Amino acid sequence: MRSTNKLKFCESIGEIVSSSKYNHRYSNNLLQNSFYHTFSIYKNKYNKSRKYFNRLIESYKTIINLELSDKDENNQKHTANKLYNLLSSKLIEFDIDKLDDIGIIKQLKKNYYEKYKTQSHPILETNLSNISLTHLSSEGLIDLTKNGDSSEYYNSLFIPLSNIEPEWKFINHFIYTDIIPYYKKLSERIKTSYTFKSDYILHGFFESIINENSDNLLDDFSRQISQLYAYPLNYLKIKNQYDTNQKKLFDNLIKKESVFNDFIEQFPLNISEVIESRRLNTIFPNSEINIDKIAEVFYPKSKFMKDISTIINSIKGRVSEEDKTEFEAFGRFSNVSFKINYKTDEKYVYLTILYNNTNSDNHSHKENENGGLETMRKELKNFGGDLIYEPKNNENGFFVLTFKFLIYE
Amino acid sequence: MSSFKVRYWDDNPVILARIKASCLDLNSIYRNIDAQSVEYSSILSSDADFLSSFDLFIFDLLDENNSKNLIGLEILEYFKNLHVDTPVIVYTTGTQSGGNSLDLHNYEEKYPNAVFIKKSEDADTKRLKAEIEKIIQRNLDEQFEVESDYIDEFKQQLHYFGNSRINQILFQVKQEYKIPIDQKVKLSKLKSGFSGAILFKFIFSNTDYVLKLSKDITLLKSELNRAKSYYPLFPPKFFNYINPTEFHTSSNDTMAIVIKLIHPNKTLFDYIRQSTSKQNVEKILNEVYNNFGLKEHYKTKTKNNLPWTDILKKFKNGRFITISEVHKELKPLLINFNLSEIQNLIEKDDYKHLNAIKISHRGTETLNHLDLHSKNILVQGEKTPFLIDTGIMDYDYWCFDICRLLVDLLINGIDIDTKEFYDINTISKNIELGHHLIKLEPIAYDSKNNRIIDAINWLTANVSDIYEDYFTKWELQLGLMKEFLQMSYRTGTTPHSKRTLSLELAYICMIEAEKNVL
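What counts and how
Residues numbered from 1 in each chain as written. Chains lettered and ligands numbered in written order. Predicted model: local features only at pLDDT ≥ 70, side-chain atom pairs only at ≥ 80, totals over all residues. Helix = DSSP H or I, 4+ residues; strand = E, 2+ residues; numbered from the N terminus. Buried ≥ 20, exposed ≤ 12 C-beta atoms within 10 Å, placed from the backbone. Contact = placed C-beta atoms within 7 Å. Core = buried A, V, L, I, M, F, W, Y, C linked by C-beta atoms within 7 Å. Pairing = 2+ DSSP bridges. Axes fitted to C-alpha atoms, helices over the stretch in contact; angles between N-to-C directions. Expected span 1.5 Å × (residues − 1). Arc of directions from axis to C-beta. Parallel < 35°, antiparallel > 145°, perpendicular 65-115°, else oblique. Left-handed = near helix turned anticlockwise from the far one by under 90°. Nonpolar A, V, L, I, M, F, W, Y, C, P; charged D, E, K, R; others polar. pLDDT = per-residue confidence, 0-100.

Caption draft 1: Quick look at the overall build of chain B. Summing up its helical and strand segments, chain B has 19 helices and 19 strands in all. A burial count over chain B gives 38% of its 518 residues as buried. When contacts within chain B are restricted to residue pairs at least 6 apart in sequence, those whose partners lie at least 24 apart make up 75%.

Okay, here's the thing in structure tokens:
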């Protein structure tokens, strides 16, 4: 390839493969070689030019529509589809190369709105839900094992699978073009943040769909889809793995209220809304909260809700026994003076929370780096912000805590 | 089951396939389920009679393919206007054209015949299947035939539970015992207790079973659980098979359990009365207590020690009022009974030497039957005794079981089936008899009640041996006092004469116990 005209290869590969049909089969040797060279171009870090990929995608549109072999040991169809998806994904990566984390989240939200919020039955959700086969009970499976395609249950197996390959192709392509490139582009800080990794438990799932090993979930599921499309009764052999994969993809990614969709809906954070919903005015009758017209920021809503709880718990641990009893009985701290205000500059919102009448023991615990405030600081840093505080109360007896948030604009 | 007709419509062929699979599953259990998909237009053009000939409709709300209308609501409204009350399951994503969510709760209130299920929460169709099954169960054919002498009483019981509930339960019982689906269960009525449960007998594989049905599910569940956990702890010779399965109606308002019926089933009470000799009475009581019977059981199945004042705990904490009310009612017939002294002992743990401060004695808790009267012991053939009504078994004060048996024999046994049983003029004479019992002295024969007297005498002569590790006379006498007090308010089964006798004897128990405590 080094000495050949790469662009010409990209342009012509579809045509070359199409014309290699002999005895109702396409040349396996030629296909294997083409796939190999395509993958080299995809992997080569010097190939930053969109034009190679545009041409390759056009070529692969031709290739994936050919009647390729889908035998397990020589699954040309599966490889061609995978390459088509990888190339399409790469093209999106070019488009979004300049986006930062906020830009990526905005684009994901836009995609989500277009795909899910404009129709009564979002097609992605319907398609993946349609191919669930868990409605087949043990009675049904026993009958299918016994009577095969003459079983009364056969239609209940066959109908959901009748269009499974094109339906899955559509979903799979969506994952490769509307999700994966964006996920890849998200910063490592966000991917490994507490919210993404532990609250939403998405990190492991995404690694299982982007890795290039043999246990890639999408490859695995695609192979199972091919098996079912070719012969629905294969379900009896692969039921457990198929059901698990279908459910993982549906719950984590594809359904309207999937874990991932819920994650992207965490942004932007409207600070006023959260503070109002936590009824801080009631918890602290003696409060001054000045947050009118505060800008929306880049931080997960659910995490900020938890942070507020952490602060309330910290206050509870530091007030007098009497005040603690009052809080437990009536849900309020009458003796704590509580203030929230903010200032802003071009890039950040600085939200300051002050409260008094708590003991001034050191708030930073070197031996316990995972303690409340340090964990909050780490998470804020993951989303481009920070948490600023002095370990002790100030000279007026107030503990002062400033959240630095990246503005979501 | 005669054909159960289901018609269903959805705009998505996959959902139609799922509904079909659910109906096939249920058909394998209930048979004769005729389930077919239809076009919604055919539903909307049918008349009320035709629509009412079906047993269930299942349909989607939104027609995504053609009209984009909320067809499901149109059908529900159509049914409402035609007064068609066939059950409906609405199987829906709960959204309308454009993607907005529908408030299904509102529709549930508006159309009470319809159940709404969200498809997104039911990919495995479990909920759908459960809802269809509920409706099928309400439509089951008669699962039983009546074979009973008490036909009127039977009808009354059927009316109380409703045929549908009994059918639902029997359908499951038939499956449990693998009785062919088309075979009717032959039910006959058994005498029921006062717990609100009713008892039927049915025969399967030459074995008689009791079906116990109750609307008090908590009570019956607890009965079954206690029986399951405690019954096996009783000596194997008393064991009677109880099926561990609970049978419930679809709306979960009635429950049943199945117990093997002991047959032929003479109660210990009848056995004693009909015995021809003292030896026969003693033989059966020996069988109950000795030869790996209850004596060894009480010796080994023990738990904690309880303060002696717990013997009367049933009347503590405000519950003494029951006794005060009985006292008010029976006052004209009473002779020596002293309410305030009894109240003092129960509520303040104080009657002369019977004082909680002076006596700190604790008695052993044994695993008791807790309703061991002579009709809850069945005798099969000449010797084998069985325990029945095992639903309240539990650990409690060691003397409770034998006290109940003694008091039952004395109060319900003496003069039974004679005019004297009800005669208030026998009270004084019977107080004397009872006094002997309380003092554990033999009662003399009176020619009419000799076998009952044999039984009482055997028990009072052997009680210290039966409970050799725990026995004290005064604790036993307080146990008898508790039983006599309880007997005094059994207004439904015990005549005034006997209830008055019970109160008097309770008082004597207290006096005797106080004498013996030192």
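Right, picking up where we left off after that structure.
Caption draft 2: Broad picture of the overall build of chain A. Each helix and strand in chain A was counted, giving 20 helices and seven strands. A total of 409 residues make up chain A; the buried ones form 31% of that total. Long-range pairs, those at least 24 residues apart, make up 67% of the contacts in chain A between residues at least 6 apart in sequence.

Caption draft 3: Structural detail: the nonpolar core. Formed by 98 residues in total, the largest nonpolar core has its most connected members in V297, Y299 and F405 of chain A together with I58, F59 and I89 of chain B. Counting residues per element, this core draws most heavily on helix α1 (residues 13-30) of chain B, which supplies eight residues. Ranked by size, the runner-up nonpolar core spans 71 residues in total, among them Y289, L354, I377 and L480 of chain B.

Caption draft 4: Summary view of the sheet that holds strand β10 (residues 247-248) of chain B. Residue and element names in this part refer to chain B. Taken in spatial order, the six strands make up an open sheet running β6-β7-β8-β9-β11-β10, and their pairing is mixed. Edge positions in the open sheet fall to β6 (144-146) and β10, since each of these has one partner strand only. Sheet analysis places strand β9 (residues 207-214) next to strand β11 (residues 255-260), joined by six bridges and oriented antiparallel. Bridge pairing links L213 to A256 in β11. Here helix α9 (residues 217-230) sits on the sheet in contact with β9 and β11, set at roughly 30° to β11.

Caption draft 5: Up close: unusual backbone geometry. Following F267 of chain A, the chain continues into P268 of chain A via a peptide bond in cis, with omega recorded as -5°. Positive phi, normally seen in glycine, also occurs at I201 of chain A, with a value near 45°. Relative to the helices and strands, I201 of chain A is located in the loop between α11 (194-199) and α12 (203-210). At K178 of chain B, a position not held by glycine, the phi torsion is positive, near 55°.

Caption draft 6: Region of interest: helix α18 (residues 301-318) of chain A. All names here are of chain A. In this model, α18 (18 residues) spans 26 Å end to end at C-alpha, consistent with the 26 Å of a helix rising 1.5 Å per residue. Burial in α18 covers these residues: K303, F304, D307, I311 and I315. All buried residues of α18 project into a common sector of 125° when viewed along the axis, lining one side. The outward face of α18, more than 90 degrees from its buried face, is lined by the exposed residues S309, N313 and G317.

Caption draft 7: Just the sheet that holds strand β6 (residues 386-389) of chain A, in detail. Residue and element names in this part refer to chain A. Strand order in the open sheet made by the five strands is β3-β4-β5-β7-β6, with mixed pairing throughout. Sheet topology places β3 (287-289) and β6 at the edges, where each strand pairs with a single neighbour. Taking the axes of each pair of neighbouring strands and ignoring which way they run, one obtains an average angle of 20° across the sheet. In the sheet, strand β4 (residues 338-344) pairs with strand β5 (residues 348-355) via seven bridges, with the strands oriented antiparallel. Bridging across to β5, F338 finds its partner in Y355. Packing of helix α20 (residues 372-382) onto the sheet brings it into contact with β6 and β7 (399-406), and relative to β6 it is tilted by some 140°.

Caption draft 8: Focus on the packing of helix α3 (residues 50-64) of chain A against helix α4 (residues 76-95) of chain A. Residue and element names in this part refer to chain A. Between α3 and α4, the least distance of the axes is 9 Å, while the angle of their chain directions is 150°. Viewed along their axes, α3 and α4 adopt a mutual orientation that is roughly antiparallel. Of the two possible hands of crossing, α3 and α4 adopt the one that is left-handed. Residues R50, F53, N54, L56, I57, Y60, I63 and I64 of α3 form the contact with α4, whose participating residues are A80, N81, L83, Y84, L87, S88, K90, L91 and F94. When its residues are assigned to classes, the contact of α3 with α4 shows twelve nonpolar, three polar and two charged.

Caption draft 9: Spatial organisation of the packing of helix α8 (residues 154-161) of chain A against α1 of chain B. Following both chains from N to C, one finds α8 of chain A and α1 of chain B inclined at 160°, their axes separated by 8 Å at the closest point. Taken together, the axes of α8 of chain A and α1 of chain B are roughly antiparallel relative to one another. Between α8 of chain A and α1 of chain B lies a crossing whose hand is left-handed. Residues N155, S156, I159 and P160 of chain A of α8 of chain A form the contact with α1 of chain B, whose participating residues are P13, V14, A17, R18, K20 and A21 of chain B. In terms of residue class, the contact of α8 of chain A with α1 of chain B is made up of six nonpolar, two polar and two charged.

Caption draft 10: Region of interest: the interface of chain B and chain A. Across the contact, 21 residues belong to chain B and 20 residues belong to chain A. In terms of residue class, the side of chain B that touches chain A is made up of seven nonpolar, nine polar and five charged.

Caption draft 11: Just α3 of chain A, in detail. Residue and element names in this part refer to chain A. Compared with the 21 Å implied by 1.5 Å per residue over 15 residues, the 21 Å span of α3 between its first and last C-alpha is a close match. Taken together, the buried positions of α3 are Y52, F53, R55, L56, S59, Y60 and I63. For α3, the buried positions fall inside an angular range of 165° around the axis, keeping them on one side. Set apart from the buried face of α3 by more than 90 degrees, the exposed residues are R50, K51 and K61. Of the surrounding elements, those touching the buried residues of α3 are α1 (6-18), α2 (28-43) and α4.

Caption draft 12: Representation of the environment of T126 of chain A. In this structure, T126 of chain A sits in helix α6 (residues 123-130). Along the sequence, T126 of chain A and K256 of chain A sit 130 residues apart, while their C-alpha atoms lie 9.7 Å from each other.

Caption draft 13: Fine view of the environment of Y177 of chain B. By the element assignment, Y177 of chain B lies in the loop between α8 (163-176) and β7 (185-189). As a C-alpha pair, Y177 of chain B and S205 of chain B span 28 residues in sequence and 9.3 Å in three-dimensional space.

Caption draft 14: Structural view of the pairing of β7 of chain B. Residues and elements named next belong to chain B. With burial as the criterion, only one face of β7 is covered, namely that bearing V185, L187 and K189; the residues K186 and S188 on the opposite face remain uncovered. Pairing geometry for β6 and β7, over three bridges, is parallel. In the sheet register, F144 faces β7, and the bridge partner there is V185. The sheet contact formed by β7 and strand β8 (residues 198-204) spans two bridges and is antiparallel. Each residue of the ladder has a partner; that of K189, found in β8, is F200.

Caption draft 15: Highlighting the confidence of the model for chain B. Summarising the model, chain B shows a mean pLDDT of 90, and 97% of its residues fall at 70 or more. Across the predicted assembly, pTM comes out at 0.70 and ipTM at 0.76.

Caption draft 16: Fine view of the environment of P160 of chain A. Along the chain, P160 of chain A turns up in helix α8. Classification of P160 of chain A by C-beta neighbours within 10 Å gives buried; the count is 27. Here the alpha-carbon distance between P160 of chain A and S132 of chain A, two residues 28 residues apart in the chain, equals 7.6 Å. The residues contacting P160 of chain A, other than those within four sequence positions of it, are N130, I131 and L133 of chain A together with V14 and A17 of chain B.

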